[in-house]
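One-letter residues, chain by chain:
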Amino acid sequence: RKEVEQDPGPFNVPEGATVAFNCTYSNSASQSFFWYRQDCRKEPKLLMSVYSSGNEDGRFTAQLNRASQYISLLIRDSKLSDSATYLCVVNIINAGNNRKLIWGLGTSLAVNP
Amino acid sequence: DGGITQSPKYLFRKEGQNVTLSCEQNLNHDAMYWYRQDPGQGLRLIYYSQIVNDFQKGDIAEGYSVSREKKESFPLTVTSAQKNPTAFYLCASSIRDRGPNTGELFFGEGSRLTVL
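This write-up is about the structure you can find in this document. Numbering of residues begins from 1 in every chain and follows the order in which that chain's sequence is written. Here chains are named by letter from A upward and ligands by number from 1 upward, in the order in which they appear as written. Reporting of local features is limited, given that this is a predicted model, to residues whose pLDDT is at least 70; pairs of side-chain atoms are given and counted only at 80 or more, and all residues count toward the totals for whole chains, interfaces and linings. Hydrogens and waters are ignored; side-chain quantities use all the structure's heavy atoms.

On to the overall build of chain A. Segments assigned H or I by DSSP are reported as helices when at least four residues long, segments assigned E as strands when at least two residues long, and all are numbered from the N terminus. Tallying secondary structure elements over chain A gives 0 helices and 11 strands in all. Listed N to C, the secondary structure of chain A is β-β-β-β-β-β-β-β-β-β-β in terms of helices and strands. Here the globule rule reads 2.2 Å times residues to the power 0.38, and the radius of gyration is calculated from C-alpha atoms. Over its C-alpha trace chain A gives a radius of gyration of 14 Å, about what one expects of a compact globule, namely 13 Å for 113 residues. Projected onto its principal axes, the C-alpha positions of chain A cover 50 × 30 × 25 Å. With 113 residues in all, chain A has 44% of them scored as buried. In chain A, the proportion of contacts linking residues at least 24 apart, taken out of those at least 6 apart, comes to 56%. Just so you have it, chain A exposes about 5,600 Å², and 46% of that area is on carbon and sulfur atoms. Charge assignment in this entry is limited to Lys and Arg as positive and Asp and Glu as negative, and neither His nor the chain termini are counted. We put the charge of a Lys on NZ, of an Arg on CZ, of an Asp on CG and of a Glu on CD. Within chain A, the 10 negative side-chain charges are centred at a point lying 6 Å from the centre of the 12 positive side-chain charges. Note on exposure labels: buried denotes an accessible area under 20% of the residue type's maximum, exposed denotes more than 50%, and partly exposed covers the range between, all computed with a 1.4 Å probe on protein chains only. Here, two residues are considered to be in contact whenever any of their heavy atoms come within 4.5 Å of each other. Residue exposure ignores everything except the shown protein chains as possible cover, and the areas themselves are Shrake-Rupley values with a 1.4 Å probe.

So, in structure tokens, the structure goes:
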């Protein structure tokens with residue numbers, strides 16, 4: 001089982017739609033969780049961290065479910081500019097007691113006019 | 001403007017040649033990282049450095065080498081020993097010890113290497 005797994009996508013939605021992505025992680029000791037956005041052939045950029053109580057940033061809502069070991073990203077009122085790949089990232093502590101980031105493959109979103 | 005600059009953006013090389021990718025940052029970050037991204041794979045860490053003159057192997061360091069002689073610079077050499085060097089290479093930086101904790105990495109625009 002991969003350490004971080006995401007919905008394969010692609011998601012094709014009309015403008016104004018609400019869309020949700022899920023991400024599951026295998027390491028129960030995972031400590032921190034993040035969503036990055038990556039535009040086609042560009043570098044990833046941090047979208048938001050995911051806090052235990054859930055958090056919202058404008059049209060974006062991130063939630064964490066530790067018991068089921070998944071995080072989610074909800075995008076409301078989709079815009080054309082939201083079209084991108086969304087990467088789920090999990091922070092773990094490895095065998096050497098070092099923190100490292102594990103990256104998901106990403107879920108592709110296309111918002112259509 | 002502060003940021004990370006990678007060069008070149010695109011690079012073609014023949015098999016068996018060493019290649020050096022440049023990464024420079026003016027964010028005053030202590031930590032710097034090199035990742036590669038391949039289709040069907042998440043980002044994988046090649047090398048990282050938390051401080052000048054020190055660096056650590058990541059998950060896929062074989063066939064790569066780095067140096068960290070200056071805080072601003074963290075060049076990556078892809079050697080002929082790297083079996084599958086064609087990939088998208090991303091350099092990142094963070095405030096020391098905060099990158100893996102906060103997830104806040106700042107990436108350069110990447111270098112796309114194709115080995116013919």
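A separate point is a nonpolar patch on the surface. Each patch groups residues whose relative accessible area exceeds 30% and which form no salt bridge, using 9 Å between like charges and 5 Å between nonpolar side chains of Val, Leu, Ile, Met, Phe, Trp and Tyr. Between Lys or Arg on one side and Asp or Glu on the other, a salt bridge is scored when a side-chain nitrogen of the former is within 4 Å of a carboxyl oxygen of the latter. The grouping of Y10, F12 and L116 of chain B at the surface amounts to a nonpolar patch, some 390 Å² of accessible area in total. Here F12 of chain B shows up in strand β2 (residues 10–13).

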